Amino acid sequence: MPAISENVLFGMGNPLLDICSVVDKDFLDKYGLKSNDQILAEDKHKAMFEELVKKFKVEYHAGGSTQNSVKIAQWMIQQPHKVATFFGCIGTDNFGAILKKKAEEAHVDAHYYEQSEEPTGTCAACITGDNRSLVANLAAANCYKKENHLDLEENWKLVEKAKIYYIAGFFITVSPESMLKVAKHASENNKIFGLNLSAPFICQFFKEPLMKVMPYVDILFGNETEAATFAREQGFETEDIKEIAKKAQSLPKVNKKRQRIVVFTQGKDGTVVTSGDEVMMFPVLEIEQSEIVDTNGAGDAFVGGFLSQLVQDRPLEQCIRAGHYAANVIIRRAGCTFPEKPDFH
């Protein structure tokens, strides 16, 4: 079993401070939110953030999809620290300071691009039952600049140090050129690049930049809703998730040495995985409805668990098992938080 080295896993994305709260249907209706969705904040949502804090009991958690995933991967691995590097943009404010502190506590090697024009991004997680509606106000996260951060020699060295790369699709709205540079580096050096579809709106409204990066994607993650939207947008003409996985697998790919793996989670239903020419289904761990506290972060946690085994060259089946384990732990708690140590064997 090879020792895991520092910075072997690289993630880049939108660092956000999650503002989590259990809300009621009236609140969702007032701001035109679906119970289970993720969107970018528009002008009509600006007042929502203030009302959320005033009207409901809120909890703050360091978030942002990719940052959550690398944090969970680090938690699963435990030692050494700083297995994961994370890049993203924050503001020079209190929320930014909290994010830095939280990344440090999670032992993630975060190198933020800091700027003072925009405040640190936030994400309202509006929870009703076991659904969560996410409204992200990217703010500073939207200000990530390739030439001001990724291209700097000391930062690019950290990119080169990694063997596994993971970026949530959300980042495509911010800096597709940064994503492409990292994806191409992985492909040219026969390393592994993972991408998450992240949200239906990414598949719909950012189709062009998404399909530009797809030829470099070695592992494609998504959930059942995203898979269905992706299939519709790509003209796959099927609603069968296994068929969608196969078609996504066979999209053009630059590095022919690695066949693309597609992983679609489906909440409490089994996870669909393409491996070679077959499509497999892995059941998730059973959990009582009453034990589910918050499904926000389940998808991020699944990827984090998966990556924790992938960096150790474990078989695909073990990666999936670890993903299911991590998601099962996360949904029992508020926010993307976890106990001190994992209990995964």
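The following refers to the structure shown. Here, residues in each chain are numbered from 1, in the same order as that chain's written sequence. It should be noted that, the model being predicted, local features are given only for residues of pLDDT at least 70 and side-chain atom pairs only at 80 or more, the latter also being counted only at that level, while totals for whole chains, interfaces and linings use all residues. Each side-chain value is worked out from all heavy atoms of the structure, with water and hydrogens disregarded.

**Some remarks on the overall build of the protein**
For step 1, the next point in the chain: Each helix is a run of H or I in the DSSP string that is no shorter than four residues. Each strand is a run of E no shorter than two, and both are numbered from the N terminus. Counting secondary structure elements, the protein contains 13 helices and 14 strands.
For step 2, the next point in the chain: Against the 2.2 N^0.38 benchmark of 20 Å for 345 residues, the protein shows a C-alpha radius of gyration of 19 Å, consistent with a compact globule.
For step 3, the next point in the chain: Counting the 345 residues in the protein, one finds 58% classified as buried.
For step 4, the next point in the chain: Note on definitions: a residue-residue contact is assigned when non-hydrogen atoms from the two residues lie within 4.5 Å. Considering only intrachain contacts with a sequence separation of at least 6, the fraction spanning at least 24 residues in the protein is 73%.
For step 5, the next point in the chain: Accessible surface, the protein as shown: approximately 15100 Å² in total, 50% of it carbon and sulfur.
For step 6, the next point in the chain: The positive count covers Lys and Arg only, the negative count covers Asp and Glu only, and His and the chain ends enter neither. Where a charge sits is defined by one atom per residue type, namely NZ (Lys), CZ (Arg), CG (Asp) or CD (Glu). Side chains of the protein give 39 positive and 47 negative charges; the mean places of these two sets differ by 3 Å. Only C-alpha atoms enter the radius of gyration, while the globule expectation follows 2.2 Å times N to the 0.38, with N the number of residues. Burial classification: accessible surface area is computed with a 1.4 Å probe over protein chains only, and a residue below 20% of its type maximum counts as buried, one above 50% as exposed, and the rest as partly exposed. Note on areas: Shrake-Rupley, 1.4 Å probe, and residue coverage restricted to the protein chains presented here.

**Things to note about the packing of helix α3 (residues 65-77) against helix α13 (residues 316-330)**
For step 1, the next point in the chain: Orientation is described by lines fitted to C-alpha atoms, with helices fitted over the stretch in contact, and by angles between N-to-C directions that extend from 0 to 180 degrees. The contact between α3 and α13 brings their axes to 11 Å, and the two run at 105 degrees. In terms of axis orientation, α3 runs roughly perpendicular to α13. Residues Ile 72, Trp 75 and Met 76 of α3 lie in contact with α13, whose contacting residues are Ala 322, Tyr 325, Ala 326, Val 329 and Ile 330. Here is the rule for angles: anything less than 35 degrees is roughly parallel, anything more than 145 is roughly antiparallel, 65 through 115 is roughly perpendicular, and the remaining ranges are oblique.

**Remarks on the pattern of salt bridges**
For step 1, the next point in the chain: Salt bridges are counted wherever a side-chain nitrogen of Lys or Arg sits within 4 Å of a carboxyl oxygen of Asp or Glu. Tallied over the full model, the rule gives 13 salt bridges.
For step 2, the next point in the chain: One salt bridge in this structure joins Lys 30 and Glu 51, with 2.8 Å as the shortest N-O distance. Of this pair, Lys 30 sits in helix α1 (residues 25-30) while Glu 51 sits in helix α2 (residues 46-55), and the two are 21 residues apart along the sequence.
For step 3, the next point in the chain: With a relative accessible area of 14%, Glu 51 lands in the buried category.
For step 4, the next point in the chain: One salt bridge connects Glu 51 with Lys 55, and the closest N-O pair in it is separated by 3.5 Å. You can see Glu 51 and its partner Lys 55 sitting in helix α2, four residues apart, about one turn around the helix.

**Comments concerning the side chain of Asn 196**
For step 1, the next point in the chain: Residue position: Asn 196 is located in strand β10 (residues 192-196).
For step 2, the next point in the chain: When near neighbours in sequence (up to four residues on either side) are disregarded, Asn 196 contacts Tyr 166, Ile 167, Ala 168, Gly 169, Phe 221, Gly 222, Glu 226 and Val 303.

**Considerations on α3**
For step 1, the next point in the chain: In a helix, the anticipated span is given by 1.5 Å times the number of residues less one. With 13 residues, α3 should cover 18 Å at 1.5 Å per step; its first-to-last C-alpha distance of 19 Å lies within 8% of that length.
For step 2, the next point in the chain: Within α3, 13 of the 13 residues are buried, which leaves it mostly tucked inside the rest of the structure.
For step 3, the next point in the chain: Two residues or fewer after α3 comes Gln 78, characterised by a positive phi angle close to 65 degrees.

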